[in-house]
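Understanding the architecture of this molecule
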Amino acid sequence: LLPMQGLSKDWYEKYRYGGHGFGFSTFEDEYSISLLNQVNEKWGYGFAYSQIGNKTVKKLMTLEEGHSMTATIVGVGVHPTFYINDDLYINMTCGVGYTMINWEDKEQNTSGKFSNINASISPQINLNILEREQPLPIRVYLNFGINLGYFPTSYELDNEIIKLDDWKIKIKVGLVFL
């Protein structure tokens, strides 16, 4: 771990447990913005807004030729925190997301919208890599998490109504600097 000589002795009492944070992530045609709040040493919560493009949707489910889908997700989650030591801790995030999906069939020249609510569980391990007090208190950490969600792998289009099929538990692995 990095040396912490620049921190005052009461840094942990003043800033260690609790605080606010912003998260930004992007990959190909997917991006996410989140607001995080660590209430105390035991738990926290967060809000997220995500945009998922057609390229990423194709990785999650099989799309028919000429079809495209995009999704917007607004989510909320809570997480208990378990400290192993001052620089290593575990979160178990439980969240729910409201998903608004836009679809288009280019061959039939039709399109539509529908929505869906999904839950997810994400065990995460975090490692503090930098903490500073001046010019403002800041903490940078490395987050490794696994997101478990229940998602469809196929769909059926019937009279411009989408029916999601073949629901399965999907695992998504992430490594993020926060």
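Residues numbered from 1 in each chain as written. Predicted model: local features only at pLDDT ≥ 70, side-chain atom pairs only at ≥ 80, totals over all residues. Heavy atoms only, no water.

**Some details on the nonpolar core**
The tendency in soluble globular proteins is for nonpolar side chains to be buried side by side. Ranked by size, the top nonpolar core spans 12 residues in total: Ile52, Val57, Met61, Leu63, Met69, Ala71, Ile101, Trp103, Phe114, Tyr155, Ile162 and Leu164. Those residues in contact with Phe114 that lie beyond four places of it in its chain are Thr99, Met100, Ile101, Trp103, Ile162 and Leu164. (Core = buried A, V, L, I, M, F, W, Y, C linked by side-chain atoms within 4.5 Å. Buried < 20%, exposed > 50% of the residue type's maximum accessible area, 1.4 Å probe, protein only. Contact = heavy atoms within 4.5 Å.)

**Observations concerning the environment of Val74**
Looking at the secondary structure, you find Val74 in strand E4 (residues 67–85). Spatially, the C-alpha atom of Val74 lies 5.8 Å from that of Ala48, the residues being 26 residues apart in sequence. Val74 has contacts with Ala48, Tyr49, Val96, Gly97, Tyr98 and Met100, leaving out every residue within four places of it along the chain. (Helix = DSSP H or I, 4+ residues; strand = E, 2+ residues; numbered from the N terminus.)

**Considering the side chain of Asn37**
The residue Asn37 is located in strand E2 (residues 30–38) in this model. When its relative accessible area of 13% is taken as the criterion, Asn37 is described as buried. At a separation of 2.7 Å, a polar atom in the side chain of Asn37 contacts the side chain of Tyr45. Excluding residues that lie within four positions of it along the chain, Asn37 makes contacts with Gly19, His20, Gly44 and Tyr45. (Polar contact = N/O pair within 3.5 Å; in protein donor to acceptor, adjacent residues only side chain to side chain.)

**Focus on the environment of Ile73**
Its location among the elements puts Ile73 in strand E4. Residue Ile73 is classed as partly exposed on the basis of its relative accessible area, which comes to 22%. Excluding residues that lie within four positions of it along the chain, Ile73 makes contacts with Ala48, Tyr49, Ser50, Ile52, Gly97, Tyr98 and Thr99.

**A few points about unusual backbone geometry**
In this structure, Glu28 takes a positive phi of about 50 degrees despite not being glycine. Take Glu28: it is sitting in the loop between strand E1 (19–27) and E2. Overall, the relative accessible area of 44% leaves Glu28 in the partly exposed class. Here Asp166, not a glycine, exhibits a phi torsion of approximately 50 degrees, which is positive.

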